[in-house]
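Observations on the three-dimensional arrangement
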Amino acid sequence: MFERMKKINQKINLDDLNIIVLIVSIFLYIVSLLFSKNILIIIFLFLLNFELFIHLKRNKYLTFLNAILPIIIIAYLLLSYLDLNLPFDYLMIYRIIIKTLLIIDYVILIINIIKKRNIKYVRGSKRNHTFNELRKRMIKKVHQDNLNYIDDYIIDNDIDKKSDYYKVISKNIKLKTIEDVEEYVVLNYLRFYKNKKYNHRNIFDKLNLAFLGIHVIILMLVFLLR
């Protein structure tokens with residue numbers, strides 16, 4: 001069972017997370033933390049952070065935060081069992097520190113996920129591969145290529161320009177050009193969109209549903225376990 005869960009976890013690709021889902025998740029995460037006083041919820045949120053962390057390329061800030069947060073949370077658990085006579089609510093202050101670090105950690109994680117999704121490429125990609133635009137771009141080129149081919153064919157076969165055969169060939173140039181362009185457009189249009197990752201990254205698939213669902217469940221638990 002553990003091995004199966006491990007394989008499923010390794011297949012998770014954060015590149016497929018929808019940008020809207022990521023932005024909404026920040027809001028849900030912060031709301032959950034602000035209203036939560038239950039240490040279990042805080043632990044769940046840290047585990048969510050850590051799950052995202054293990055799927056991202058390491059950097060010194062994320063490594064530091066995800067290394068120190070477990071220590072701070074464990075220290076908070078130990079302090080909650082101590083009865084210290086202090087003139088202020090030290091546990092509340094400690095919770096604020098933990099929540100602040102968790103939010104900073106989560107925001108950095110989301111920023112890194114967005115960067116990993118290669119947003120610059122998505123914004124820079126131009127949708128100039130529609131049927132009509134491909135037709136406009138290719139029709140002159142194909143027509144000229146056909147003219148050159150027919151001219152060579154007429155010269156090679158010594159066809160009289162006053163003959164009926166020449167007239168038939170000339171009339172068919174336009175039809176052949178249209179057929180060639182249509183074939184080119186269909187092949188290149190399908191090839192472009194088949195290999196285009198932009199469309200896949202922005203669909204709302206099972207991964208996005210699960211990611212958003214986890215945040216919603218945690219938020220519901222916050223109000224149930226307060």
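Use the structure listed above.
So, here's what we can say about the structure. (Residues numbered from 1 in each chain as written. Predicted model: local features only at pLDDT ≥ 70, side-chain atom pairs only at ≥ 80, totals over all residues. Heavy atoms only, no water.)

Now for the nonpolar core. Soluble globular proteins tend to pack their nonpolar side chains together in the buried interior. Leu102, Ile113 and Phe211 are the most contacted members of the largest nonpolar core, which has 31 residues in total. Those residues in contact with Ile113, other than ones at most four positions away along the chain, are Leu14, Leu17, Leu22, Leu52 and Leu56. Ile150, Ile154, Ile169 and Ile173 belong to the second largest nonpolar core, which has five residues in total. (Core = buried A, V, L, I, M, F, W, Y, C linked by side-chain atoms within 4.5 Å. Buried < 20%, exposed > 50% of the residue type's maximum accessible area, 1.4 Å probe, protein only. Contact = heavy atoms within 4.5 Å.)

This paragraph deals with the layout of surface pockets. It is the rolling of a water-molecule-sized probe over the atoms that shows where space remains empty. Approximately 310 Å³ is the volume attributed to the largest pocket. Together, 15 residues line the largest pocket, and Ile12, Leu48, Glu51, Phe211 and Ile214 are the ones closest to its centre. Looking at the lining of the largest pocket, the element that brings in the most residues is helix H10 (residues 206-224), giving six residues. Grouping the constituent residues of the lining of the largest pocket by class yields eleven nonpolar, two polar and two charged. (1 Å grid on protein atoms, 1.4 Å probe; cavity = no way out; pocket = protein on both sides within 12 Å on 5 of 7 lines; lining within 4 Å. Points joined across faces, edges and corners; volume = space filled by probe spheres on them. Helix = DSSP H or I, 4+ residues; strand = E, 2+ residues; numbered from the N terminus. Nonpolar A, V, L, I, M, F, W, Y, C, P; charged D, E, K, R; others polar.)

With that out of the way, let us pick up H10. Taking 1.5 Å as the rise per residue, H10 with 19 residues should run 27 Å; its terminal C-alpha atoms sit 26 Å apart, in good agreement. Those residues of H10 not exposed but buried are Asn208, Phe211, His215, Ile218, Leu219 and Val222. On an axial view of H10, the arc spanned by its buried residues comes to 105 degrees, and they lie on one face. In H10, those exposed residues whose orientation departs by more than 90 degrees from the buried face are Lys206, Leu209 and Leu224. Of the surrounding secondary structure, the elements contacted by the buried residues of H10 are helix H2 (19-35), helix H3 (39-54) and helix H5 (90-116). (Expected span 1.5 Å × (residues − 1). Arc of directions from axis to C-beta.)

Quick look at a nonpolar patch on the surface now. A cluster of nonpolar side chains, contributed by Met92, Ile93, Ile96 and Ile97, occupies part of the molecular surface with about 340 Å² of accessible area. For Met92, the location among the structural elements is in helix H5. Overall, the relative accessible area of 39% leaves Met92 in the partly exposed class. (Patch = residues over 30% accessible without salt bridge, like charges linked within 9 Å, V, L, I, M, F, W, Y side chains within 5 Å. Areas by Shrake-Rupley, 256 points an atom, 1.4 Å probe, with all protein chains shown as cover. Salt bridge = Lys/Arg side-chain N within 4 Å of Asp/Glu carboxyl O.)

This part covers the packing of aromatic side chains. Applying the stated rule across the entire model yields five aromatic pairs. For the pair Phe50 and Phe53, a centre-to-centre distance of 5.9 Å together with 40 degrees between the ring planes defines the contact as tilted. Taken together, the residues span about one helical turn, with Phe50 and Phe53 both in helix H3 at a distance of three residues. By relative accessible area, Phe50 is classed as partly exposed at 35%. Look at Phe53 and you get buried, because its relative accessible area is 7%. An aromatic cluster of three or more residues is present, and its members are Phe46, Phe50 and Phe53. (Phe/Tyr/Trp six-rings, centres within 6.5 Å; stacked < 30°, edge-to-face > 60°.)

All quantities given are derived from atomic positions and should not be read as evidence of function.
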